[in-house]
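# Residue-level structural notes
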Amino acid sequence: AVALGLYLVLTSVLIADDGVYYIKQAQRLEDPGGKTPVANFLGYPWLVTWSWRLVTALGADPGGPTWIYTAQTVTLLCRVLAVLVFYRLGRILVGSRDCLVGMLVLVALPEPAHWGSDALRDWPSALFIGIGLLAMMRGILTERMRWFAAAGVLSGLGCAVHLVAAQGVLLGTCWLGWRG
């Protein structure tokens with residue numbers, strides 16, 4: 001997944017229109033005198049801005065290509081972490097063998113690979129959803145409320161990236177209501 005993602009990041013000439021939008025939002029976050037972004041979900045642009053600051057502090061040129069490569073790298077890192085989280089969830093739900101087959105398919109399919117190398121918020125959102133669901137599963141298995149609280153916090157952070165991450169809170173509430 002990492003090798004394929006790096007290849008796609010380094011060889012891509014164009015990024016999606018959505019990616020350009022998120023990079024512009026991140027640049028607005030960085031510009032103290034600029035226009036404040038009006039987007040509701042600033043989690044991904046914030047991740048890009050934070051990563052860009054780190055990369056430029058390490059000596060990278062602060063120009064446009066650095067913004068693009070930083071956004072793509074953030075998405076790729078989130079993709080790799082999300083696949084690991086989904087593997088752990090899959091092991092809990094369907095077992096190691098079936099989960100491994102599912103993860104190999106997920107890694108090998110061309111569209112998820114393309115999404116993982118573009119400057120889009122899909123994989124960061126999936127990462128927060130997966131971590132929130134994993135925390136919820138731990139809460140279900142251990143019957144400890146702190147895991148449900150962690151799932152709620154992680155889903156809330158995921159909502160800063162994309163509203164779909166709220167499903168962790170919804171599923172946790174449904175589970176607690178069913179158990180109650």
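Going by the structure above, here's the rest.
Below is a summary of the structure that appears in this document.

Cut-offs used in this document
- Residues numbered from 1 in each chain as written.
- Predicted model: local features only at pLDDT ≥ 70, side-chain atom pairs only at ≥ 80, totals over all residues.
- Heavy atoms only, no water.
- Core = buried A, V, L, I, M, F, W, Y, C linked by side-chain atoms within 4.5 Å.
- Buried < 20%, exposed > 50% of the residue type's maximum accessible area, 1.4 Å probe, protein only.
- Helix = DSSP H or I, 4+ residues; strand = E, 2+ residues; numbered from the N terminus.
- Contact = heavy atoms within 4.5 Å.
- Axes fitted to C-alpha atoms, helices over the stretch in contact; angles between N-to-C directions.
- Parallel < 35°, antiparallel > 145°, perpendicular 65-115°, else oblique.
- Left-handed = near helix turned anticlockwise from the far one by under 90°.
- Nonpolar A, V, L, I, M, F, W, Y, C, P; charged D, E, K, R; others polar.
- Patch = residues over 30% accessible without salt bridge, like charges linked within 9 Å, V, L, I, M, F, W, Y side chains within 5 Å.
- Areas by Shrake-Rupley, 256 points an atom, 1.4 Å probe, with all protein chains shown as cover.
- Salt bridge = Lys/Arg side-chain N within 4 Å of Asp/Glu carboxyl O.
- Expected span 1.5 Å × (residues − 1).
- Phe/Tyr/Trp six-rings, centres within 6.5 Å; stacked < 30°, edge-to-face > 60°.

### So, the nonpolar core
Core analysis: the biggest nonpolar cluster contains 28 residues, and Tyr-44, Val-48 and Met-136 have the highest contact counts within it. Ranked by residue count, the leading element in this core is helix H7 (residues 122-142), at eleven residues. Not counting chain neighbours up to four residues away, the residues in contact with Met-136 comprise Trp-147, Phe-148, Ala-151, Gly-168, Leu-171 and Gly-172.

### Quick word on the packing of H7 against helix H8 (residues 145-161)
With their axes 8 Å apart at the nearest point, H7 and H8 run at an angle of 170° to one another. Between H7 and H8, the interaxial angle falls into the category roughly antiparallel. Across the interface between the two elements, Pro-124, Ser-125, Phe-128, Ile-131, Gly-132, Ala-135, Met-136, Arg-138, Gly-139, Ile-140 and Thr-142 from H7 touch Trp-147, Phe-148, Ala-150, Ala-151, Leu-154, Ser-155, Leu-157, Gly-158 and Val-161 from H8.

### Examining the packing of helix H3 (residues 43-57) against helix H4 (residues 64-93)
Geometry of a packed helix pair, given as the angle between the helix axes and the separation of the axes. For the pair H3 and H4, the least separation of the axes is 9 Å and the interaxial angle reads 120°. The crossing of H3 and H4 is right-handed. Contact residues: Tyr-44, Leu-47, Val-48, Thr-49, Ser-51, Trp-52, Val-55 and Thr-56 in H3; Thr-66, Trp-67, Thr-70, Ala-71, Val-74 and Thr-75 in H4. For the contact of H3 with H4, the per-class residue count stands at eight nonpolar, six polar and no charged.

### Remarks on a nonpolar patch on the surface
Together, Trp-46, Trp-50, Leu-54 and Leu-58 make up a nonpolar patch on the protein surface, roughly 510 Å² of accessible area in all. Position of Trp-50 relative to the elements: it lies in helix H3.

### Topic: H4
Given a rise of 1.5 Å per residue, 30 residues ought to cover 44 Å, and the 43 Å separating the end C-alpha atoms of H4 matches this to within 8%. Just beyond H4, the residue with positive phi is Gly-95, at close to 100°.

### Re the packing of aromatic side chains
Evaluation of the coordinates by the stated rule reveals one aromatic pair. Between the aromatic rings of Trp-52 and Trp-67, the centroid separation amounts to 4.3 Å while the plane-to-plane angle is 10°, which identifies the pairing as stacked. One end of the pair, Trp-52, is in helix H3; the other, Trp-67, is in helix H4, and 15 residues separate them in sequence. For the residue pair Trp-52 and Trp-67, the accessibility class agrees, reading buried in each case.

Bear in mind that shape data such as this cannot, by itself, settle questions of function.
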